[in-house]
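Working through the structure, step by step
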Amino acid sequence: MNDINWLQQIVNAVWLGGVYSLFSLGYSLVFSVLGVLNLAHSAIFMWGAFIGLWFVLQLGLSVWLSIPLAMIGSALISVALERIAFAPLRQRNAPRISQLISSIGASILLVSVAQLVFGTQPQRFPLGSIPTDVIPGLPFRVTPIQVIILLVALGLVAALNLLITRTKTGQAMRAVAFNEKTASLLGIHVGRVFMLTFALAGALAGAAGVLYGLAYNSMTPFIGEQVALKGLTVIVLGGMGSIQGAVIGGFVVAGLEVFSIAQGGSNYRDAIVFALLFVILLVRPQGLVGQKAATRA
């Protein structure tokens with residue numbers, strides 16, 4: 001590839017990395033606090049995309065107003081998921097594998113309900129609802145929606161980082177992540193922290209779903225499956241439970257995917273990404289910025 005093509009692929013990787021990072025943060029956040037993977041996260045991502053689309057098509061709202069509304073809707077679904085699929089098992093001291101299996105069942109249910117409600121045919125945002133013209137005068141091709149996607153994703157990542165590191169709520173979440181029993185003895189309402197964690201993860205998934213839908217403008221109930229394993233690769237690569245690692249991993253995975261498509265076509269992009277997952281598990285299982293210790297705080 002010539003220099004311009006390399007530059008173009010870097011641009012493509014950057015905005016796609018923003019979406020992958022945003023999606024993976026929800027995985028990472030739940031794992032950090034609860035110590036379990038929520039495999040229904042991809043289904044909430046899908047529901048976020050359709051909730052945003054519904055507000056645009058049925059109520060005539062702007063695309064940009066649909067993003068926060070989709071975040072709220074996805075957060076509510078995520079909290080309901082925590083109450084129904086996770087909390088009862090946790091209260092019975094069930095093994096974490098039981099919660100993992102429960103999340104798989106919840107994911108299947110959410111996808112099935114979406115098929116009944118939205119159908120299986122691709123759905124799109126109306127023409128003209130998003131800017132698609134290429135920004136002129138640049139040595140590479142980039143559209144306003146791609147720039148907006150990156151800015152929104154980075155803004156939400158920064159807001160989450162501030163919440164976790166600079167607020168009492170974040171301190172409570174980190175305390176529960178470090179030791180649930182100790183946090184409870186200190187007066188922290190652990191159940192509320194779990195609900196808040198799922199709400200934040202759901203909101204991030206909803207935002208990522210709408211941004212993904214805007215980027216490709218083709219949504220089916222199965223779009224979550226397209227990013228689910230990539231999200232897992234991101235958090236393993238960056239470090240399980242690490243916010244910074246999820247961001248770094250998102251851009252690395254997006255870069256590998258984009259450049260593999262540019263070099264060899266789309267047939268190899270998934271193979272290359274999952275080969276990276278295999279290598280990182282063998283060479284550095286704690287991830288790029290993860291911890292070897294058993295604590296997740």
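Residues numbered from 1 in each chain as written. Predicted model: local features only at pLDDT ≥ 70, side-chain atom pairs only at ≥ 80, totals over all residues. Heavy atoms only, no water.

**Remarks on the packing of aromatic side chains**
- Scanning all chains against the criterion turns up nine aromatic pairs.
- Ring plane angle 50 degrees and centroid distance 6.2 Å describe the contact between Trp 15 and Tyr 216, whose orientation is recorded as tilted. Placement of Trp 15 in helix 1 (residues 3-34) and of Tyr 216 in helix 8 (residues 190-216) is noted, with a sequence separation of 201 residues between them.
- Site record: aromatic cluster; members linked through ring pairs are Trp 15, Phe 23, Tyr 27, Phe 45, Tyr 212 and Tyr 216. (Phe/Tyr/Trp six-rings, centres within 6.5 Å; stacked < 30°, edge-to-face > 60°. Helix = DSSP H or I, 4+ residues; strand = E, 2+ residues; numbered from the N terminus.)

**Concerning a nonpolar patch on the surface**
- Nonpolar side chains collect at one region of the surface, where Leu 109, Val 113, Leu 116 and Val 117 lie side by side and expose about 410 Å² of accessible area between them.
- Along the chain, Leu 116 turns up in helix 4 (residues 96-118).
- According to the relative accessible area criterion, Leu 116 is exposed, its value standing at 76%. (Patch = residues over 30% accessible without salt bridge, like charges linked within 9 Å, V, L, I, M, F, W, Y side chains within 5 Å. Areas by Shrake-Rupley, 256 points an atom, 1.4 Å probe, with all protein chains shown as cover. Salt bridge = Lys/Arg side-chain N within 4 Å of Asp/Glu carboxyl O. Buried < 20%, exposed > 50% of the residue type's maximum accessible area, 1.4 Å probe, protein only.)

**Quick notes on the packing of helix 2 (residues 41-59) against helix 8**
- Orientation of helix 2 relative to helix 8, taken along the N-to-C sense of each, is 55 degrees, at an axis distance of 7 Å. Classified by the interaxial angle, the pair formed by helix 2 and helix 8 is oblique. Here helix 2 runs over helix 8; the crossing is right-handed. Residues His 41, Ile 44, Phe 45, Gly 48, Ala 49 and Gly 52 of helix 2 pack against Ala 201, Gly 202, Ala 205, Gly 206, Ala 208, Gly 209, Val 210 and Tyr 212 of helix 8.
- A class-by-class count of the residues in the contact of helix 2 with helix 8 yields eight nonpolar, six polar and no charged. (Axes fitted to C-alpha atoms, helices over the stretch in contact; angles between N-to-C directions. Parallel < 35°, antiparallel > 145°, perpendicular 65-115°, else oblique. Left-handed = near helix turned anticlockwise from the far one by under 90°. Contact = heavy atoms within 4.5 Å. Nonpolar A, V, L, I, M, F, W, Y, C, P; charged D, E, K, R; others polar.)

**Things to note about the side chain of Ser 242**
- Counting through the fold element by element, Ser 242 comes out in the loop between helix 9 (223-238) and helix 10 (243-264).
- Judged by relative accessible area, Ser 242 falls into the buried class, the value being 11%.
- Aside from chain neighbours lying at most four places away, what touches Ser 242 is Ser 28 and Val 289.

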